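Overview (structure and organization)
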Amino acid sequence: MKKPIFSRILLKLSGEILAGEKGFGLDPNVAKKIALEIKSVNDLGVSVGIVIGGGNIIRGELAEVQGMDRVSADYLGMLATIINSITLQDALEKNNCETRTLSALSISQLAEPYIRRRAIRHLEKNRVIILAGGTGNPYFSTDTAAVLRATEIESEVIIKGTKVDGVYNKDPIKYNDAVKFQTISYREVFDKDLQVMDMTAITLAKENKLPIIVYDVNHEGGLKKILSGKKIGTYVGS
């Protein structure tokens, strides 16, 4: 493979992906599959940071609708991201990929505290880093945490792995006539109210000129293809 087009990436994964076909909880086989994809690009010398959601365990906004205090629910969601992060760390290390989990919440028995300089140092040693616990604050999604961490660790791009192969004008699972965008601007995401990431995350990405590539995480070898310059998924940028 030719030289990767990005040397440092932030991979954003939804928690639901780790649930596999069950839709809830954790599927170790899915974690292993994702770990192998990540290792394949880390072996090329690409620095990889990862942010994982917690929706396969609990979603803060849904818990609020069901009657739970929003702040408490959001903190439970942050704890769920730590569970997912340790799961993925285990899968990576079982495949000989040195990994560190850094958490915005203090949980020293499982993860290092998130310190920007420490995170960058791990990347410089070619370790994969998993950035858990969201932003450490309620009311902010893991999408926003991903953009924030990407800017902090000086990532060149956010690659968002989803269950669909890009960004569409409407839900392709529900509508057969949904149209996929090959490229789209931040402004169009706002104007068309597309569910790429929440608007706080998109605003932060726009302000920092941080491109986002959305692709199907189940696309075998998808990460390597993106890094080789192949046009898969949807590119979101200026």
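Now for a description of the structure that goes with this document. (Residues numbered from 1 in each chain as written. Predicted model: local features only at pLDDT ≥ 70, side-chain atom pairs only at ≥ 80, totals over all residues. Heavy atoms only, no water.)

Estimates place the volume of the largest pocket at around 1200 Å³. At the level of elements, α1 (15-19), α3 (60-65), α4 (70-94), α6 (142-152), β6 (157-162) and β7 (167-168) are the ones that each hand at least two residues to the lining of the largest pocket. With 5 residues, the single largest contributor to the lining of the largest pocket is α4. Across the lining of the largest pocket, the residue classes tally to 14 nonpolar, 19 polar and 13 charged. (1 Å grid on protein atoms, 1.4 Å probe; cavity = no way out; pocket = protein on both sides within 12 Å on 5 of 7 lines; lining within 4 Å. Points joined across faces, edges and corners; volume = space filled by probe spheres on them. Helix = DSSP H or I, 4+ residues; strand = E, 2+ residues; numbered from the N terminus. Nonpolar A, V, L, I, M, F, W, Y, C, P; charged D, E, K, R; others polar.)

It is worth spelling out the pattern of salt bridges at this point. Enumeration according to the criterion identifies 15 salt bridges in this entry. Residue Lys 12 is joined to Asp 143 by a salt bridge in which the shortest nitrogen-to-oxygen separation is 3.5 Å. Here Lys 12 is found in strand β1 (residues 8-13), whereas its partner Asp 143 is found in helix α6, with 131 residues between them in sequence. Lys 12 sits in the buried class, given a relative accessible area of 4%. With a relative accessible area of 12%, Asp 143 lands in the buried category. Through salt bridges with shared partners, one network takes in Glu 98, Arg 100, Glu 112, Arg 118 and Arg 127. (Salt bridge = Lys/Arg side-chain N within 4 Å of Asp/Glu carboxyl O. Buried < 20%, exposed > 50% of the residue type's maximum accessible area, 1.4 Å probe, protein only.)

For α4, spanning 25 residues, the distance from its first C-alpha to its last is 36 Å, which sits close to the expected 36 Å at 1.5 Å a residue. For α4, the N-terminal capping position is held by Asp 69, with its side-chain oxygen 3.2 Å away from the main-chain nitrogen of Val 71. Following α4 by one or two positions, Asn 96 has its phi on the positive side, about 60 degrees. (Expected span 1.5 Å × (residues − 1). Polar contact = N/O pair within 3.5 Å; in protein donor to acceptor, adjacent residues only side chain to side chain.)

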